[in-house]
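Commentary on secondary and tertiary structure
Listed below, chain by chain, are the residues.
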Amino acid sequence: MALKLVVSEVGKDFLIPVLDSVSFGVETGELVCLLGPNGCGKTTLLRIIGGLESPTRGRVLLDGNPVDLRRDRKIGVVFQEDRLLPWLTLRDNAALVLGPIGLDRSAREARAMEYLGLVGLRGFEHYYPGRVSGGMRQRAAIARALAIEPELLLMDEPFGALDAQNRRIMQAEIRRIWSETGRTILFITHSIEEAVDVGTALIMLSARPSRVRARVANDGRVARARLIDDLNAMIIEEVEKQERSGASRAAAGDPSAEGAC
Ligand SMILES: Nc1ncnc2c1ncn2[C@@H]1O[C@H](COP(=O)(O)OP(=O)(O)OP(=O)(O)O)[C@@H](O)[C@H]1O
Ligand SMILES: [Mg+2]
């Protein structure tokens, strides 16, 4: 199958090198979870893939072409915080992003309603974000990202701000939404359990400066508990590496030195 997304030797240097050289591919319809130590560059990588940040090295191809946000809107993004506009209803929040793709007002509203329905918010379309729960706001943020019918949906710890019960519900919901829409999704999470419950494939980034440490198929051939143990062992090694390199830079007097959290 053709690759939907190709990340090829992507590197990023800020004050310190954050991404060394990250390469992986995502097939159409995969739901790939990206894991890695705190501060290893997951959000930076997601921003580069989404065209919100430029890489220092390497390139990203979507359907074989570089992403050009000014020309086309093929990538939807959901962040940890919902980023809804509080003065617009849920429907108008979801419809707002559809202006630049050339739909008229009634088509925008119909599209917004369709996706609010998909995420389980039918009946709440006229509510303002301040009048619904955190889980419902995050559903609305997912509807807004899906409403542009993106080739790729990027999610950066989308359930990180939810309580444990809502988080479990949303993990099941994202699997349902993924299977109903067939979208290709790249999902960042801190939680190994969440990644194993949500992803069809798992990518573990190494300590900073990051590379891909492992790519694991999550197709049931390895038992859930075993996979979680293996991934936990890997992440502990990477966190320790990152802490050691932070400590050695601090000892050398580098003011930008920071360990993993
Ligand atoms: N705009 C920026 N300017 C300078 N440094 C930055 C910038 N954005 C991120 N960084 C640094 O890059 C490193 C990686 O940050 P990033 O947020 O990508 O990590 P992360 O893996 O998403 O972390 P977390 O697990 O906490 O979400 C950090 O050391 C951070 O301070
Ligand atoms: Mg992050």
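Computed from a predicted model, the values in this text were never measured in an experiment.

Another point: the pairing of strand E3 (residues 31–35). E3 sits mainly inside the fold: 5 of its 5 residues count as buried. Judged from the 4 bridges that link them, E3 and strand E8 (residues 184–188) form a sheet pairing that is parallel. Counterpart to Val32 in the pairing with E8 is Leu186. Taken together, the 4 bridges between E3 and strand E9 (residues 201–205) define a ladder with parallel strand orientation. Pairing of Val32 across the sheet is with Ala201, part of E9.

This next bit is on the domain arrangement of the protein chain. As assigned here, the protein chain comprises domain 1 (3–74 + 153–251) and domain 2 (87–149). Computed from C-alpha atoms alone, the centre-to-centre distance between domain 1 and domain 2 is 26 Å. Taken residue by residue, the interface counts 12 residues in domain 1 and 11 residues in domain 2. Here the side of domain 1 that touches domain 2 gets 6 residues from one element, more than from any other, and that element is helix H5 (residues 164–181).

Moving on, we come to the sheet that holds E3. Across the sheet, which stays open at both edges, the 6 strands sit in the order E6-E7-E8-E3-E9-E10 with mixed pairing between neighbours. In this open sheet, the two edge strands, each paired with only one partner strand, are strand E6 (75–78) and strand E10 (212–217). Looking at each pair of strands side by side, their axes are set apart by 15° on average, direction ignored. In the sheet, E9 pairs with E10 via 5 bridges, with the strands oriented antiparallel. When the sheet's bridge partners are listed, Leu202 is paired in E10 with Val216. Here helix H4 (residues 134–147) sits on the sheet and contacts E6 and strand E7 (152–156); the angle it forms with E6, its principal contact strand, is near 170°.

Calculation notes
Residues numbered from 1 in each chain as written. Chains lettered and ligands numbered in written order. Predicted model: local features only at pLDDT ≥ 70, side-chain atom pairs only at ≥ 80, totals over all residues. Buried ≥ 20, exposed ≤ 12 C-beta atoms within 10 Å, placed from the backbone. Helix = DSSP H or I, 4+ residues; strand = E, 2+ residues; numbered from the N terminus. Pairing = 2+ DSSP bridges. Domains from an automatic or database assignment. Contact = placed C-beta atoms within 7 Å. Axes fitted to C-alpha atoms, helices over the stretch in contact; angles between N-to-C directions.

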